[in-house]
Amino acid sequence: MAKTRLLKPKKSDRFSFGLWTIMNTGRDPFGEPTRPPIDPLEVIVGLAKRNVYSFELHAEDLVPLGTNARQRDRLVREAKKRMQDYDIQCTNCGSNCFSHPVFKDGAFTSNDRNVRAFAVQRYLHAIDLGYELGCRLCNLWWGRDGLEVEGSKDTRDALKRLRECCNLLTEYVLKNYPDYELSIEAKPNEPRGDIFLPTIGHALGFIATLDHPEKWGVVPELAHVRMAGLNSVHEVAQALDAGKLRSIHLNSQKPLRYDQDIRFGAEDLKESFFVVYLLETSEYEGTKSFDCHPYRTEDRQGVWDFVEGNMRTYLLLREKIKSYQEDTQIQRIMTKVCGSQRPLPSPEEIAATTYDPEKLLANRLPYEKLDQMIVELLLGVR
Ligand code: XLS
Ligand code: MG
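In this text the structure is predicted, and so the values were computed from the model without any measurement.

Every residue near ligand 1 is listed here: Trp20, His58, Trp141, Glu185, Lys187, Glu221, His224, His249, Asp259 and Asp291. A distance of 3.1 Å separates an oxygen atom of ligand 1 from a polar side-chain atom of His249. Taking Asp291, its side chain carries an N or O atom lying 2.8 Å from an oxygen atom of ligand 1. Calculation on ligand 1 without its partners gives an accessible area of 290 Å², and the protein chains cover 91% of this total. Within the shell around ligand 1, the residues separate by chemical class into two nonpolar, three polar and five charged.

Here the focus is the pattern of salt bridges. Applying the stated criterion across every chain yields a total of 23 salt bridges. In this structure, Asp73 and Arg72 form a salt bridge, with 3.0 Å as the shortest nitrogen-oxygen distance. Assessed through its relative accessible area of 36%, Asp73 is described here as partly exposed. Between Asp105 and Lys153 there is a salt bridge, with the nearest N and O atoms lying 3.4 Å from each other. With Asp105 in the loop between β3 (89-94) and α6 (113-132) and Lys153 in the loop between β5 (146-147) and α7 (155-176), the pair connects residues that are 48 residues apart, well separated along the chain.

This paragraph deals with the sheet that holds strand β2 (residues 54-58). Strand order across the open sheet formed by five strands is β3-β2-β1-β10-β9, with parallel pairing between neighbours. A single partner strand is all that each edge strand has here, and the edge strands are β3 and β9 (248-250). Each neighbouring strand pair of the sheet contributes to a mean axis angle of 30°, computed without reference to strand direction. Inspection of the sheet shows β2 paired to β3 by five bridges, in the parallel sense. Pairing of Glu56 across the sheet is with Asn92, part of β3.

Take α7 next. Its 22 residues give α7 an end-to-end C-alpha distance of 32 Å, which sits within 8% of 32 Å, the value for a rise of 1.5 Å per residue. Among the residues of α7, Ala158, Arg161, Leu162, Cys165, Cys166, Asn167, Leu169, Thr170 and Val173 are the ones counted as buried. Residues of α7 that are buried make contact with α6, β4 (137-140), β6 (181-184), α8 (200-207) and β8 (216-218). Measuring from the backbone nitrogen of Arg156 back to the side-chain oxygen at the start of α7 gives 2.8 Å, which picks out Asp154 as the cap.

Turning to the coordination of the magnesium ion (ligand 2), a few remarks are in order. Protein coordination of the magnesium ion (ligand 2) is provided by Glu185 (OE), Glu221 (OE), His249 (ND1) and Asp291 (OD), with donor distances spanning 1.9 to 2.3 Å. What the six donor atoms of the magnesium ion (ligand 2) show is an angle range of 81 to 174° at the metal, which sorts the shape as octahedral. Going along the chain, you hit the donors of the magnesium ion (ligand 2) in the pattern E-x35-E-x27-H-x41-D. With Glu185 in the loop between β6 and β7 (194-195) and Asp291 in the loop between β10 (288-290) and α12 (300-326), this residue pair connects regions lying 106 residues apart in the sequence.

Attention shifts here to the side chain of Asn24. Mapping Asn24 onto the fold places it in the loop between α2 (19-23) and α3 (40-49). Non-local contacts of Asn24, meaning those with residues more than four positions away in its chain, are made with Arg35 and His293.

When pLDDT is averaged across the chain, the result is 97; 99% of the residues are at 70 or more. Across the chain, element-level confidence peaks in β6 with a mean pLDDT of 99 and bottoms out in helix α1 (residues 2-6) with 64.

Now for the sheet that holds β4. Read from one edge of the open sheet, three strands run β4-β6-β8, paired in parallel fashion. Two strands close off the open sheet at either side, each with one partner strand: β4 and β8. Direction aside, neighbouring strands of the sheet carry axes that sit 30° apart on average. Where β6 lies against β8, three bridges are found, and the strand directions are parallel. Among the inter-strand pairings, Ile184 is bridged to a residue of β8, identified as Val218. Set on the sheet, α8 makes contact with β6 and β8; between it and β8 the angle comes to about 175°.

Criteria and cut-off values
Position numbers for residues count from 1 along each chain, tracking the sequence in the order it is written. Starting at A for chains and at 1 for ligands, labels are handed out in the order in which the entities are written. Residue-level local features of this predicted model are given only where pLDDT is at least 70; pairs of side-chain atoms are given and counted only at 80 or more, and the full residue set underlies all totals for whole chains, interfaces and linings. Side-chain descriptors were evaluated using all non-hydrogen atoms of the structure, hydrogens and water having been removed beforehand. Near residues are defined by distance, with any heavy atom within 4 Å of the molecule or strand qualifying the residue. The definition of a polar contact used here is a pair of N or O atoms within 3.5 Å, where within protein one atom must be able to donate a hydrogen and the other to accept one, and adjacent residues in sequence count solely through side-chain atom pairs. Accessibility throughout is a Shrake-Rupley quantity obtained with a 1.4 Å probe, and a residue counts as covered only by protein chains that appear here. Each residue receives one of three labels: charged for Asp, Glu, Lys and Arg, nonpolar for Ala, Val, Leu, Ile, Met, Phe, Trp, Tyr, Cys and Pro, and polar for the others, Gly being one of them. Basic side-chain nitrogens of Lys or Arg form a salt bridge, by our definition, when they fall within 4 Å of a carboxyl oxygen of Asp or Glu. Working definition: with a 1.4 Å probe on protein chains only, accessible area under 20% of the residue-type maximum means buried, over 50% means exposed, and in between means partly exposed. Helix and strand definitions here come from DSSP, where helices need a minimum of 4 consecutive H or I residues and strands a minimum of 2 consecutive E residues; each element is numbered from the N-terminal end. Whether two strands pair comes down to DSSP finding at least two bridges between them. Where helices are involved, their axes are fitted lines through C-alpha atoms of the stretch in contact, as for all axes, and angles between N-to-C directions lie from 0 to 180°. By definition here, a helix of n residues has an expected span of 1.5 Å times n minus one. Contacts were defined at the residue level, with two residues in contact if any of their heavy atoms lie within 4.5 Å. Only nitrogen, oxygen and sulfur atoms qualify as donors, provided they sit within 2.8 Å of the metal or within 3.2 Å for Na, K and Ca; with water excluded from the atoms, sites may seem incomplete. Irregular is the label for any site that misses the other tests, which are tetrahedral for four donors with all angles between 85 and 135 degrees, and square planar for four donors or octahedral for six when opposite donors exceed 155 degrees and the remaining angles lie between 65 and 115. A residue's pLDDT is the predictor's confidence in that residue, given on a scale from 0 to 100.

If you want it as structure tokens, here you go:
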């Protein structure tokens with residue numbers, strides 16, 4: 001009974017899903033779709049009924065490219081009605097500048113100036129749409145902005161083009177929607193051989209070069225950093241440390257492989273736990289958004305099992321935080337190995353002190369024990 005209560009999401013948990021995650025039809029590079037598409041309006045209702053706090057979208061998920069103004073307004077009205085009737089928010093509206101063949105060699109970094117302008121226009125429309133839906137974030141994932149052929153683009157030019165486009169978006173936002181924010185979602189590769197700004201660290205460095213860095217944040221995705229073989233906990237921590245975490249894409253992934261985008265916690269429970277720990281013990285107040293796909297073996301019912309599974313795993317891991325913090329043996333080890341948290345003395349004092357490495361070496365670091373205790377805690381035997 002208590003456990004069932006624990007696994008039921010509440011709006012206050014601030015869970016979110018991309019519309020595209022539920023609309024995914026199971027298509028992959030080697031196979032056709034395995035399930036029929038679900039209408040975005042139906043997705044909004046289905047998520048709301050499962051107590052999901054918000055949805056994210058690419059403007060094109062709701063308003064496909066080529067929709068006329070009258071149809072667009074009708075779709076927006078329909079979406080808003082469902083949002084109101086079923087109590088669900090919209091918290092990010094980006095743009096799909098990667099599916100249409102016009103973006104085959106990139107959007108913001110295309111060698112064709114008009115394609116770059118067209119991509120900027122797509123994002124301007126996405127910002128307008130997002131604003132109408134009540135959201136205040138436009139997250140940019142520039143899937144096709146990269147290359148396979150190194151000679152096809154000078155990376156310094158590509159960075160200049162990205163900067164130019166980002167600055168144009170900022171200018172638009174500052175003029176029209178001053179409370180709107182923008183963010184960058186990094187990914188190392190896929191669909192391009194290499195994508196520009198492959199990690200959140202790269203994105204943070206780039207943001208510092210923009211005209212208004214304060215308007216920009218980042219959205220790390222766990223699978224993306226794991227595709228690069230790096231540590232997702234560290235990436236999220238760096239975004240938090242920089243005060244730049246605007247949202248997060250939670251999912252799972254075997255490291256160094258194609259973009260698997262599987263259910264949160266399905267592959268990497270321990271790392272997932274520490275991400276949840278970071279989010280829940282920091283000042284972070286954004287959404288916890290799931291960006292993954294149901295296995296392509298699933299039918300329609302399985303899609304909703306997938307939705308519930310993501311949230312259940314998050315809630316279960318969140319529940320473990322308390323046990324972790326209250327586990328006296330774990331905490332005793334932590335206190336002992338972490339020693340004093342006081343800042344270091346001045347350089348003069350450090351230079352004048354005698355440090356005995358042999359003596360320092362004597363401090364035990366019982367990490368075998370610590371890690372095993374964490375594993376056992378997650379397995380439910382502590
Ligand atoms: C793809 C990205 C994508 C963005 C939204 O790998 O995760 O789904 O989050 O454009
Ligand atoms: Mg994502």
